[in-house]
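One letter stands for each residue in the lines below.
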Amino acid sequence: MSDLFVGEALAVALLLPVLFRPFFRRLQSMAGIPVLPAISLSLCALLLMAFGPRFSLFPVFAFTTLVFFAGLGRLIRLLRGLPSDYFSPLISCLHVLLVILLVLTVRLAWVNRSELAWLPKDELTITRRVERFPAGVVGYFTVSRLANTSADQKIVVLAGTGIKGISSRPTLRALLAQEGWTVVEASFWGGRDYQSRWAAIPYFRSTAPLLGLAVGGLPFGVTSDELTAAAEKNLERIQVFTQREFGSQIPPFVVCEGFAALDAGRFSARRGNSLAGLVCVVDDEKAALVAASLPDVSFSMDYRGIFPENASSYSSFVLFGERSTLLGYGELGADDVLAARLLGGSRDSGRKQAEMVARRIATWLERRRVFHESSGT
């Protein structure tokens, strides 16, 4: 089971004595039970801080909040030293309804539980850094590589999806690091890249765009152009960090996805020969648009397809899949199943799709690296 689901299960388990207290005298004699909803709600808040505002967490969080406010009066009486063990027939009926909601909530949490992470065979070293940029932007950088090796000759930047809160592909990160790559990722805090004042709130930027895309097909609170422009700025910042850490003499590869891929062509055109190769991951509706925006000739391929013989000679690679695969949204089908279903996708059981996409990208990166070094282009 994933750590998130274990945390959700613990939060729900703390509420069981509260919900069944009207029906068991032994529970009624335990005076401290009204404190449990506050502990459960605090645990949900910690899960929200640890894993981000995932849609799959919302059913448990909403139910815990409901139970907390339903028992708030008893908690106040307990804190004031008054008895809290009387339950009228109306309150007992309310608890029956809450028990029914509990069953539905547990069902939702189980059905939408996240998949276990893909684990590399070898030990990885993960280094974290915090960097400050103009306009009040703070970058949180992660560098992953094999333990006891520098691997500075094979550098790849995972630029993410352009939507805060969606990881750039943890399976790809682990697989590339296992194969000897130095993998650089980053997340950024700061709302000045957006025009909307609401977008200055990180949790708003994490949930509102996805909710808008799921309901109406357009991001809510920020425009598609804002997401694309902000993703391009973040890509610039990651490149600055990478050059400072590893030097400009080793051009990195870049993997971008979704909104971050829509402006990758302009970024690549400005960078010229400072990139060794570029991978854009999108759905099939955007593949032609992204390919046309790239400055050099690129090739496009379905993630289940076979590489052409001259794949390594292209400096750009567009990997796509039908819309239901949710390519362009990271590993949403494994990390946040409820969000994936709202967007028209499904569960990525065992991260099989994520691993297939990761191996396709890793294969092309290695072929392109060998070609780039042998030809000097």
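See the structure shown above.
Residues numbered from 1 in each chain as written. Predicted model: local features only at pLDDT ≥ 70, side-chain atom pairs only at ≥ 80, totals over all residues. Heavy atoms only, no water.

Asks: How do you make sense of the overall build of the protein when you look at a structure like this?
Replies: Along the backbone of the protein there are 16 helices and 8 strands. Dimensions along the principal axes, computed over C-alpha positions, put the protein at roughly 80 × 45 × 40 Å. Taking all 377 residues of the protein together, 53% fall into the buried category. In the protein, 71% of the contacts between residues at least 6 apart in sequence involve partners at least 24 apart. (Helix = DSSP H or I, 4+ residues; strand = E, 2+ residues; numbered from the N terminus. Buried < 20%, exposed > 50% of the residue type's maximum accessible area, 1.4 Å probe, protein only. Contact = heavy atoms within 4.5 Å.)

Asks: I'm lost on the side chain of glutamine 178 in this one. Help?
Replies: Tracing the backbone through its elements, the reader meets glutamine 178 in helix H8 (residues 170-178). The buried category is assigned to glutamine 178, whose relative accessible area is 18%. A polar contact is formed between the side chain of glutamine 178 and the backbone nitrogen of lysine 121, at a distance of 2.5 Å. (Polar contact = N/O pair within 3.5 Å; in protein donor to acceptor, adjacent residues only side chain to side chain.)

Asks: Explain a nonpolar patch on the surface to me, please; I cannot follow it from the model alone.
Replies: Taken together, Phe23, Phe24, Leu66, Val96, Leu97, Ile100, Leu101 and Leu104 make up a surface patch of nonpolar side chains, about 720 Å² in accessible area. Among the elements that make up the nonpolar patch, the one with the highest residue count is helix H7 (residues 89-111) (5 residues). Tracing the sequence through the fold places leucine 66 in helix H5 (residues 58-70). Leucine 66 gets classed as partly exposed once you look at its relative accessible area, which sits at 41%. (Patch = residues over 30% accessible without salt bridge, like charges linked within 9 Å, V, L, I, M, F, W, Y side chains within 5 Å. Areas by Shrake-Rupley, 256 points an atom, 1.4 Å probe, with all protein chains shown as cover. Salt bridge = Lys/Arg side-chain N within 4 Å of Asp/Glu carboxyl O.)

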